[in-house]
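Take a look at the letters that make up each chain.
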Amino acid sequence: LQDLETCYAAANDFTRMGEKAEEAIDELLAECELTEESIATLHATSSDLIALYSSDAVYAAQSVHFYVFEPIDEAIGADLFGQEWEETLTHNELALTLVRTLEDFMTDIEQFLDDFMVKKSVDAIASASVIFYVRCLLLKAENHSSVKVGCFNDNAKALERMSGDIKIMRDYFEELVPNMPALGRIIEQEFEILETIHECMSIAAELTDSEASDFIIVLHKKLRDVSLTQHVAGDIWHLVAPTKERQIWELVKSMEAELLQVAPPDEGGDRHRYDRSVVPGLRLDEVAAKLYIDSKRKRPIKAGALEIIVSNWKMNLTNDEPNA
């Protein structure tokens, strides 16, 4: 899968192959006298084949997110959370650019894919939108070197801008829900992490009385890896209150037993090395792990924290591009 066109072609080809396989089985059963045992065997094997074609079609349809977000990243990735975003672009112009670009791509997606595959593509794009936004935020923390001064000139203004961005993105997908009811569940699941990060930043900036520990638990439920939770929480505090970054690391560490009980490590994570149906780039934990493995920022942490992420994730991140 090299571009949007090959994604569309593969999704359509695998869909047609599944349909042809079903037709061939129906013709075989109609024209041949088979024993009950043979019929059962035929149904079992054909069901596996048809399911494989369907899975590959969905994989191809969801892989469009790579090529949808390439131009978006080029257009706005470096500017998100920058000074102009905070102080000048008062109408959330970068978020508007994102959704307008999605609208342009949707025209092509609806033209070249059938309704079911369109819905699968949109599910992936909704997830990818959230991950793109969070990744840009974490990269902002990666490139912010001060241990005394926060990243933003005015934390309250930056958080207001984030709220506007989140609303614009969420509203775009909410408008699609009447024709794609299952998308509503995806929106609730994915956008929860943006609301959680926003609240954590508000806590770090002392703009709310909420307890950090409550939202660290919510964050951990998404990441399911204590070391990742420490890194992400640390980056959030580094953005708005870098002098308190060490404190938040220590808080997360003190909560480790509770976090493991609430959301144990994802024992199925190893499947991403082998499962051909898992589309790379649609899980925040994987994207964050890759970012931290490549990170050069010095953090106020004990030796060994990064090694845990490397140990847990290195083998699962060997392939972060869609399969051909």
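Every chain's residues receive numbers from 1 upward, in the order its sequence appears when written. In keeping with the predicted nature of the model, local features appear solely for residues at pLDDT of at least 70, side-chain atom pairs appear and are counted solely at 80 or more, and the whole-chain, interface and lining totals rest on all residues. Calculation of side-chain values draws on the structure's entire complement of heavy atoms; hydrogens and water are dropped beforehand.

Trainee: I tried to follow the pattern of salt bridges on my own but got confused; where do I start?
Mentor: Pairing is possible between side chains of opposite charge, provided their charged atoms come close. Definition used for salt bridges: Asp or Glu carboxyl oxygen within 4 Å of a side-chain nitrogen of Lys or Arg. A complete count under the given rule lists 13 salt bridges for this structure. Its salt-bridge partner being Arg16, residue Asp13 comes within 2.7 Å of it at the nearest N-O pair. Residue Asp13 and its partner Arg16 are located together in helix α1 (residues 4–31), separated by three residues, close to a single helical turn. The exposure class assigned to Arg16 is partly exposed, which follows from its relative accessible area of 45%. Helix and strand assignments follow DSSP, with helices taken as H or I runs no shorter than four residues and strands as E runs no shorter than two, numbered in order from the N terminus. Think of it in three bands: residues with accessible area under 20% of the maximum for their type are buried, residues over 50% are exposed, and the middle band is partly exposed, with areas taken using a 1.4 Å probe on protein chains only.

Trainee: I tried to follow the side chain of Arg297 on my own but got confused; where do I start?
Mentor: Within the secondary structure, Arg297 sits in the loop between α13 (284–293) and α14 (305–313). We call two residues contacting when some pair of their heavy atoms lies within 4.5 Å. The residues contacting Arg297, other than those within four sequence positions of it, are Ala141, Glu142, His144, Gly234, Asp235, His238 and Glu245.

Trainee: I keep staring at the nonpolar core and nothing clicks. Help me out?
Mentor: Within soluble globular proteins, side chains that are nonpolar tend to cluster in buried spots. One finds Phe173 and Leu183 to be the most contacted residues of the largest nonpolar core, which totals 103 residues. Ranked by residue count, the leading element in this core is helix α6 (residues 115–142), at 16 residues. With residues near it in sequence (within four places) discarded, Phe173 still touches Leu102, Val122, Ile125, Ala126, Ser129, Leu183, Ile187 and Phe191. Nine residue types can take part in a nonpolar core, namely buried Ala, Val, Leu, Ile, Met, Phe, Trp, Tyr and Cys, and a core is a set of them joined through side-chain atoms within 4.5 Å.

Trainee: For this particular structure, what's the right way to read the packing of α6 against helix α10 (residues 226–240)?
Mentor: Two numbers describe a pair of packed helices, the interaxial angle and the distance between the axes. Where α6 meets α10, the closest approach of the two axes is 9 Å, and the angle between their N-to-C directions is 65°. Taken together, the axes of α6 and α10 lie roughly perpendicular to each other. Of the two possible hands of crossing, α6 and α10 adopt the one that is left-handed. Judged by residue contacts, Leu137, Leu138, Lys140 and Ala141 of α6 engage Val232, Asp235, His238 and Leu239 from α10. Here the contact of α6 with α10 is composed, by residue class, of five nonpolar, one polar and two charged. Orientation is described by axes fitted as lines to C-alpha atoms, over the contacting stretch for helices, and by angles from 0 to 180 degrees between their N-to-C directions. In what follows, roughly perpendicular refers to angles from 65 to 115 degrees, roughly parallel to angles under 35, roughly antiparallel to angles over 145, and oblique to any angle outside these ranges. Left-handed describes a crossing in which the near helix is turned anticlockwise from the far one by less than a right angle; the clockwise case is right-handed. All residues other than Ala, Val, Leu, Ile, Met, Phe, Trp, Tyr, Cys, Pro, Asp, Glu, Lys and Arg, Gly among them, are scored as polar; the first ten of these are nonpolar and the last four charged.

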